[in-house]
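# Examining the three-dimensional arrangement
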Amino acid sequence: MADRKQATCIAPVNIAVVKYWGKRDENLILPINSSLSGTLSTDQMCAKTTIAISKSFQRDRLWINGKEQDATGKRLQNCLREVRSRCGSEIEGCHYHICSVNNFPTAAGLASSAAGYACLGEYFEYKEGITKIQFTIRQGSGSACRSMYGGFVKWEMGNKSDGSDSIAVQVTPESHWPEMEVLILVVSDKKKGVSSTSGMQTSVKTSKLLKYRAESLVPKLMTEMETAIQQKNYQAFAEITMKDSNQFHAVCLDTYPPIAYMNDISHKIVQLITHFNQYCGEYKACYTFDAGPNAVLYVLAKDVPQILSAVCHYFPCTENHDSYIQGLSNYSDVKE
Ligand code: PMV
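Residues numbered from 1 in each chain as written. Predicted model: local features only at pLDDT ≥ 70, side-chain atom pairs only at ≥ 80, totals over all residues.

### Regarding the overall build of the protein chain
- The secondary structure content of the protein chain amounts to nine helices and 14 strands.
- Looking at the protein chain as a whole, 41% of its 336 residues are labelled buried.
- Of all intrachain contacts in the protein chain linking residues separated by at least 6 positions in sequence, the fraction that spans at least 24 positions is 70%. (Helix = DSSP H or I, 4+ residues; strand = E, 2+ residues; numbered from the N terminus. Buried ≥ 20, exposed ≤ 12 C-beta atoms within 10 Å, placed from the backbone. Contact = placed C-beta atoms within 7 Å.)

### Brief notes about the sheet that holds strand β12 (residues 180-185)
- Reading across the sheet, the three strands line up as β12-β14-β13 and stay open at both edges, with antiparallel pairing between neighbours. Each edge of the open sheet carries a strand with a single partner, namely β12 and β13 (286-289). Ignoring strand direction, the axes of neighbouring strands in this sheet form an average angle of 25°.
- In this structure, β13 lies alongside strand β14 (residues 295-300), joined through four bridges in antiparallel fashion. Along β14, the bridge assignment pairs Phe 289 with Ala 295.
- On the sheet, helix α6 (residues 234-254) packs against β13 and β14 and is oriented at approximately 30° with respect to β13.
- Where helix α8 (residues 304-314) meets the sheet, its contacts fall on β12 and β14, and the angle it forms with β12 comes to roughly 10°. (Pairing = 2+ DSSP bridges. Axes fitted to C-alpha atoms, helices over the stretch in contact; angles between N-to-C directions.)

### Some remarks on helix α5 (residues 208-230)
- With 23 residues, α5 should cover 33 Å at 1.5 Å per step; its first-to-last C-alpha distance of 32 Å lies within 8% of that length.
- All buried positions along α5 are accounted for by Leu 210, Arg 213, Ala 214, Val 218, Leu 221, Met 222, Met 225, Ala 228 and Ile 229.
- Tucked into the core, α5 has its buried residues touching β2 (14-18), β5 (35-39), β10 (152-155), β11 (168-172), α4 (196-206) and α6.
- Once α5 finishes, Lys 232 follows within two positions and takes phi at roughly 50°, a positive value. (Expected span 1.5 Å × (residues − 1).)

### Some words on the environment of Gly 73
- Structurally, the position occupied by Gly 73 is in the loop between β8 (67-69) and α1 (74-87).
- For Gly 73 and Gly 140, which are 67 residues apart along the polypeptide, the C-alpha to C-alpha distance reads 9.8 Å.

### Quick word on the sheet that holds β2
- If you walk across this open sheet you meet the four strands as β2-β5-β10-β11, and the pairing is antiparallel. The open sheet has two free edges, formed respectively by β2 and β11, since each of these has just one partner strand. Within the sheet, the average angular offset between the axes of one strand and its neighbour, ignoring direction, is 35°.
- Direction of pairing for β2 relative to β5: antiparallel, over a ladder of four bridges. Counterpart to Ile 15 in the pairing with β5 is Gly 38.

### Section: the packing of α5 against α6
- One can describe the packing of α5 onto α6 by two numbers: an axis separation of 10 Å at closest approach and a directional angle of 165°. Judged by the angle between their axes, α5 and α6 are roughly antiparallel. The way α5 lies across α6 gives a crossing that is left-handed. Counted together, Leu 209, Leu 210, Arg 213, Leu 217, Leu 221, Glu 224, Met 225, Ala 228 and Ile 229 of α5 and Ala 236, Phe 237, Ile 240, Asp 244, Gln 247, Ala 250, Val 251 and Asp 254 of α6 form the full contact between these two elements.
- For the contact of α5 with α6, the per-class residue count stands at twelve nonpolar, one polar and four charged. (Parallel < 35°, antiparallel > 145°, perpendicular 65-115°, else oblique. Left-handed = near helix turned anticlockwise from the far one by under 90°. Nonpolar A, V, L, I, M, F, W, Y, C, P; charged D, E, K, R; others polar.)

### Some details on the nonpolar core
- Counting residues in each nonpolar core, the largest one holds 74 residues, and the members touching the most others are Val 18, Leu 36, Met 225, Cys 286, Tyr 287, Ala 295 and Leu 297.
- When neighbours within four sequence positions are excluded, Leu 297 is seen to be in contact with Leu 183, Leu 185, Ala 285, Cys 286, Tyr 287 and Ile 307. (Core = buried A, V, L, I, M, F, W, Y, C linked by C-beta atoms within 7 Å.)

### Structural notes on the confidence of the model for the protein chain
- Looking at the protein chain as a whole, the pLDDT averages 85, with 84% of positions reaching at least 70.
- Low confidence marks residues 320-336, where pLDDT is under 50. Its contacts with residues over four positions away, or in another chain, come to 17 contacts.
- Both scores are given for the predicted complex: the pTM is 0.86, the ipTM 0.98. (pLDDT = per-residue confidence, 0-100.)

Below is the structure:
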């Protein structure tokens with residue numbers, strides 16, 4: 001097809017250590033609090049997205065991991081509408097075929113949509129510049145703007161009503177803290193029950209704890225976290241990361257009806273890491289959970305073998321469900 005244009009991009013996943021939860025403007029995707037994340041390297045977890053544009057396409061279509069999805073969803077269409085309006089006559093009358101493959105569980109609270117939308121961002125960046133394109137991809141996934149940079153990245157909530165000061169900026173480059181590793185414990189690869197979009201809306205409407213989080217807690221955690229990262233202070237980093245994750249999930253439970261993203265296994269992982277750190281007399285690992293049951297551990301490279309052997313001991317990796325449960329019951333040993 002002569003008019004067809006196609007490109008493939010890869011974008012990494014980012015995992016927040018101070019989480020974004022709640023929008024003050026649903027159209028511009030402006031958050032009620034700033035957030036901060038680490039971007040994983042693309043050889044670990046990433047989304048690879050091929051985008052084709054053609055006038056001969058009858059409608060927009062989307063495939064994720066080889067399965068066709070509904071391409072009429074609000075998030076995707078808002079994002080594509082924004083792209084159309086920015087690119088103007090060059091793509092008038094065209095439709096998109098988007099094919100995205102993740103090398104990790106999709107929609108299981110592991111920032112898969114952020115990586116997917118960040119791919120769209122990389123694709124269009126050549127026209128717009130990295131700052132402007134953030135506004136477009138945020139229509140798909142707010143946290144995607146943080147995947148546009150490597151290292152540790154913060155998304156400043158900003159104050160202006162037009163959102164022009166609500167942007168992601170790099171806090172430190174990839175090279176700053178190379179000893180920091182990320183372990184992902186996949187508790188479930190099922191799609192999450194409550195999407196982050198609807199979860200945030202309900203929390204904003206019903207949770208008083210969220211108001212405290214956004215107005216009092218997060219501003220303090222953001223300052224402390226930036227200092228911890230700048231100084232490569234793992235002890236401070238670990239404590240803030242776990243406290244933020246705990247408080248975020250407390251907000252989810254304070255939401256009405258309540259949202260429980262973490263399951264029993266997630267809570268057992270929290271206990272394991274807590275007991276392990278207590279036993280060692282210092283933080284050796286810290287956990288964080290996004291909108292799903294899967295655990296993300298930030299660990300210094302020197303401690304990875306020890307942490308991995310503890311995790312594999314209490315949660316043996318196997319496809320066999322019965323052995324998996326067996327593994328979980330072994331967990332009671334850890335308290336002794
Ligand atoms: O980017 P969204 O709209 O899918 O929301 C992401 C929300 C969390 O992952 C829970 C937190 C975060 O800051 O990444």
